[in-house]
Amino acid sequence: ILHLNAIELGLGNARLLAGAELTVAPGERISLVGRNGSGKSTLLKIAAGLIAPDAGSRFLQPGTRLSYLRQEPDLSGYESIAAYAGADLGPGDDPRAPARLMEALGLDPTRAPINLSGGEMRRAALARALAPNPDLLLLDEPTNHLDLPAIAWLERELATRRAGIVLVSHDRRLLSALSGVTIWLDRGHTR
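These numbers were taken from a predicted model, which means no experiment stands behind them.

**Observations regarding the packing of aromatic side chains**
The full count for this structure, using the stated rule, is one aromatic pair. Centre to centre, the rings of Tyr-78 and Tyr-84 are 5.2 Å apart; their planes meet at 80°, and the pair counts as edge-to-face.

Here is the structure:
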């Protein structure tokens, strides 16, 4: 459903990505790992279609619904957590999904996003990413700022999903529990 081919991207004079590849089949679970600064988040942004590479190609199967969880979610411009969590719903989506997810995550849907803690922002972003029931989930550090009960909930929730998932995380337990394939990003190349 997604194929990144020979992706190259430079930052100044340095090459961050140099021929990186990523292929995701329906329902496939992939861990994308590498050292800090290796370009994992950048590769996810390219996969999500948010930035264009200098070279290479991105193919997303037509009709594929993609949700991307940013490492640093931006809730500005939303009056409430509920407005943010439901912002990506489409015409065929379950309008009750955001409320179900916010309740499971212990969020007050009426709260204004302006004074949320890091954990509350992460939980709101998870509700937004999961609410549309996408075919492909790109999750950049989904457990950042989460407590252990929220991490356990996330693991259970993702295990029930049929979506293809690409996970970037330092949480080895989550990666081993959810992914069947590990892709290493090292010096701009995937292996």
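Once you've had a look at it, read on.
**Comments concerning the packing of helix α4 (residues 118-130) against helix α5 (residues 148-160)**
Packing of α4 against α5 brings their axes to within 12 Å, and their N-to-C directions diverge by 5°. Between α4 and α5, the angle falls in the class roughly parallel. Counting all contacts with α4, which are made through Arg-123, Leu-126 and Leu-130, the residues of α5 involved are Ala-150, Trp-153, Leu-154, Glu-157 and Leu-158. Of the residues that constitute the contact of α4 with α5, the class distribution is six nonpolar, no polar and two charged.

**Regarding the sheet that holds strand β2 (residues 14-24)**
The strands making up a sheet are joined through hydrogen bonds of the backbone, oriented either antiparallel or parallel. Taken in spatial order, the three strands line up as β2-β1-β4 in an open sheet, and their pairing is antiparallel. A single partner strand is all that each edge strand has here, and the edge strands are β2 and β4 (55-60). Taken pair by pair, the neighbouring strands of this sheet meet at an average axis angle of 20°, ignoring direction. Sheet topology places strand β1 (residues 2-11) next to β2; eight bridges connect them, and they run antiparallel. Bridge pairing links Ile-7 to Ala-20 in β2. Across the face of the sheet, helix α1 (residues 40-48) comes into contact with β1, β2 and β4 while running at roughly 125° to β1.

The rules behind these values
- Residues numbered from 1 in each chain as written.
- Predicted model: local features only at pLDDT ≥ 70, side-chain atom pairs only at ≥ 80, totals over all residues.
- Heavy atoms only, no water.
- Phe/Tyr/Trp six-rings, centres within 6.5 Å; stacked < 30°, edge-to-face > 60°.
- Axes fitted to C-alpha atoms, helices over the stretch in contact; angles between N-to-C directions.
- Helix = DSSP H or I, 4+ residues; strand = E, 2+ residues; numbered from the N terminus.
- Parallel < 35°, antiparallel > 145°, perpendicular 65-115°, else oblique.
- Contact = heavy atoms within 4.5 Å.
- Nonpolar A, V, L, I, M, F, W, Y, C, P; charged D, E, K, R; others polar.
- Pairing = 2+ DSSP bridges.

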